[in-house]
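Commentary on secondary and tertiary structure
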Amino acid sequence: QVQLVESGGGAVQAGGSLRLSCAASGRTFSIYAMGWFRQAPGKEHEFVAGIRWRGGSTYYADSVKGRFTISRDNAKNTVYLQMNSLKPEDTAVYYCAGTYSSDITTASEYSYWGQGTQVTVSS
């Protein structure tokens, strides 16, 4: 089992920045990749960014490329999502998730999910 706890959400104005953190505990050595997803009201989980736990290759949704950066600190078992130039359409609950699958962009491939953290961007 793997436990994930997110932190760092909040409310900012458009153009602002936030950094989300996801602390992982448990059997993290078996995880292939970590991802960040978001869910706006009435919508499905949307892939935002992903990172391979070993090697560190990163993947981004087109909507956040150039604005968001995913990174990890293996020693701390923590994954980060630095979000810059935030837009109102980035408003959502952001979830950290862990997968054993190489299909990093598909929500249904993830086995472990955090509780979510709200990000609100005002215009």
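Cut-offs and rules
Residues numbered from 1 in each chain as written. Predicted model: local features only at pLDDT ≥ 70, side-chain atom pairs only at ≥ 80, totals over all residues. Heavy atoms only, no water. Core = buried A, V, L, I, M, F, W, Y, C linked by side-chain atoms within 4.5 Å. Buried < 20%, exposed > 50% of the residue type's maximum accessible area, 1.4 Å probe, protein only. Contact = heavy atoms within 4.5 Å. Phe/Tyr/Trp six-rings, centres within 6.5 Å; stacked < 30°, edge-to-face > 60°. Helix = DSSP H or I, 4+ residues; strand = E, 2+ residues; numbered from the N terminus.

With respect to the nonpolar core
- Ranked by internal contacts, the top residues of the largest apolar core, which has 34 residues, are Met34, Trp36, Leu81, Met83 and Tyr94.
- Setting aside residues no more than four positions away along its own chain, Met83 makes contact with Gly16, Ser17, Leu18, Leu20, Arg67, Phe68, Tyr94 and Val119.

Thoughts on the packing of aromatic side chains
- Throughout the structure, instances matching the rule amount to 6 aromatic pairs.
- Judged by centre distance (5.8 Å) and plane angle (80 degrees), the rings of Tyr100 and Tyr112 are edge-to-face. Residue Tyr100 is found in the loop between strand E9 (92-99) and strand E10 (110-113), and its partner Tyr112 is found in strand E10; the two are separated by 12 residues along the sequence.
- By relative accessible area, which is 11% here, Tyr112 ends up buried.
- With 6.0 Å between their ring centres and 55 degrees between their planes, Tyr110 and Trp113 make a pair best called tilted.
- Judged by its relative accessible area of 6%, Tyr110 falls in the buried class.
- On the accessibility criterion, Trp113 (30% relative accessible area) is partly exposed.

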